[in-house]
Amino acid sequence: MSKIKDFLSEAGVFFLATSDGAQPKLRPLGAFLEEDGKLIFGVGDSKDVYRQLKANPLTEIVACKPDGHWLRYTGRAVFETDPKYAVNMIAAAHLEAIYNEETGHQLMTFHLEDATAVEIAVMGEGVSLL
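Source: prediction; values computed, not measured.

Summing up its helical and strand segments, the protein has three helices and eight strands in all. When its helices and strands are written in sequence order, the protein yields α-β-β-β-β-α-β-β-α-β-β. Since a compact globule built from 130 residues should have a radius of gyration of about 14 Å, the 15 Å found for the protein is in line with a globular shape. Along the longest, intermediate and shortest principal axes, the C-alpha atoms of the protein span 50 × 35 × 25 Å. Of all intrachain contacts in the protein linking residues separated by at least 6 positions in sequence, the fraction that spans at least 24 positions is 66%. Surface accessibility of the protein: about 7,300 Å² in total, with carbon and sulfur atoms responsible for 54%. Charge-centre separation for the protein: the mean point of 12 positive side chains lies 4 Å from the mean point of 19 negative side chains.

Pasting the structure below:
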């Protein structure tokens, strides 16, 4: 997981793909953490992205580094049941103003299972990171 973590850290922003029926949806994200041997991502419980991942957990994360190398991390989103992941991500990403009792918003965390991760050079072949 550390190779994927390092890639995402260097890229800064990455994109999460979902589907809304037949319509693909893509949105930028930047927060994640590595814990218990998993890369943990989070989305708000009030967001369409959460509903889309619940309806169809197949997803893809794509990131691009300044050198032109890009990452395709594909798998099935599995939502975490242990609240420690949300607590830790909120603290690490400084999201306390968004996810708290006053706003009522909750951060729903997930990791990818049955995943593949490929780093691809601009005009090169992909190299597996898993």
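Counting residues in hydrophobic clusters, the biggest one holds 24 residues, and the most contacted among them are Leu-8, Phe-41, Tyr-73 and Phe-110. Counting residues per element, the ones that place at least two in this core are helix H1 (2–11), strand E1 (14–20), strand E4 (38–44), helix H2 (48–55), strand E5 (58–64), strand E6 (70–79) and strand E7 (107–120). Among the nonpolar cores identified, the runner-up in size contains nine residues, and Tyr-85, Ala-86, Met-89 and Tyr-99 belong to it.

Another aspect to go through is the environment of Pro-66. Residue position: Pro-66 is located in the loop between E5 and E6. A sequence separation of 36 residues divides Pro-66 from Gly-30, and the C-alpha atoms of the two residues are 16 Å apart.

Counted by the stated rule, this structure contains eight salt bridges. Here Glu-60 and Arg-72 are joined by a salt bridge, their closest N and O atoms 3.4 Å apart. Of this pair, Glu-60 sits in strand E5 while Arg-72 sits in strand E6; the two residues are twelve residues apart in sequence, bridging distant segments of the chain. Assessed through its relative accessible area of 35%, Arg-72 is described here as partly exposed.

Across seven bridges, E1 lies against strand E2 (residues 23–29) in antiparallel orientation. Its bridge partner being in E2, Asp-20 is matched across the sheet by Gln-23. The hairpin formed by E1 and E2 contains two residues between the paired strands, and Gly-21 there has a positive phi angle of roughly 70°.

Throughout the structure, instances matching the rule amount to seven aromatic pairs. An angle of 55° between the planes, with centres 6.4 Å apart, marks the rings of Phe-41 and Tyr-73 as tilted. Placement of Phe-41 in strand E4 and of Tyr-73 in strand E6 is noted, with a sequence separation of 32 residues between them. Exposure remark for Phe-41: the relative accessible area of 0% places this residue in the buried category. On the basis of an interplanar angle of 85° and a centroid distance of 5.2 Å, the ring pair of Tyr-50 and Phe-79 is categorised as edge-to-face. With Tyr-50 in helix H2 and Phe-79 in strand E6, this pair connects stretches of sequence that are 29 residues apart.

Calculation criteria
- Residues numbered from 1 in each chain as written.
- Predicted model: local features only at pLDDT ≥ 70, side-chain atom pairs only at ≥ 80, totals over all residues.
- Heavy atoms only, no water.
- Helix = DSSP H or I, 4+ residues; strand = E, 2+ residues; numbered from the N terminus.
- Rg over C-alpha atoms; globule rule 2.2 N^0.38 Å.
- Contact = heavy atoms within 4.5 Å.
- Areas by Shrake-Rupley, 256 points an atom, 1.4 Å probe, with all protein chains shown as cover.
- Lys, Arg positive; Asp, Glu negative; His and termini not counted.
- Charge placed at Lys NZ, Arg CZ, Asp CG, Glu CD.
- Core = buried A, V, L, I, M, F, W, Y, C linked by side-chain atoms within 4.5 Å.
- Buried < 20%, exposed > 50% of the residue type's maximum accessible area, 1.4 Å probe, protein only.
- Salt bridge = Lys/Arg side-chain N within 4 Å of Asp/Glu carboxyl O.
- Pairing = 2+ DSSP bridges.
- Phe/Tyr/Trp six-rings, centres within 6.5 Å; stacked < 30°, edge-to-face > 60°.

No statement about biological role is implied by the geometric values presented.
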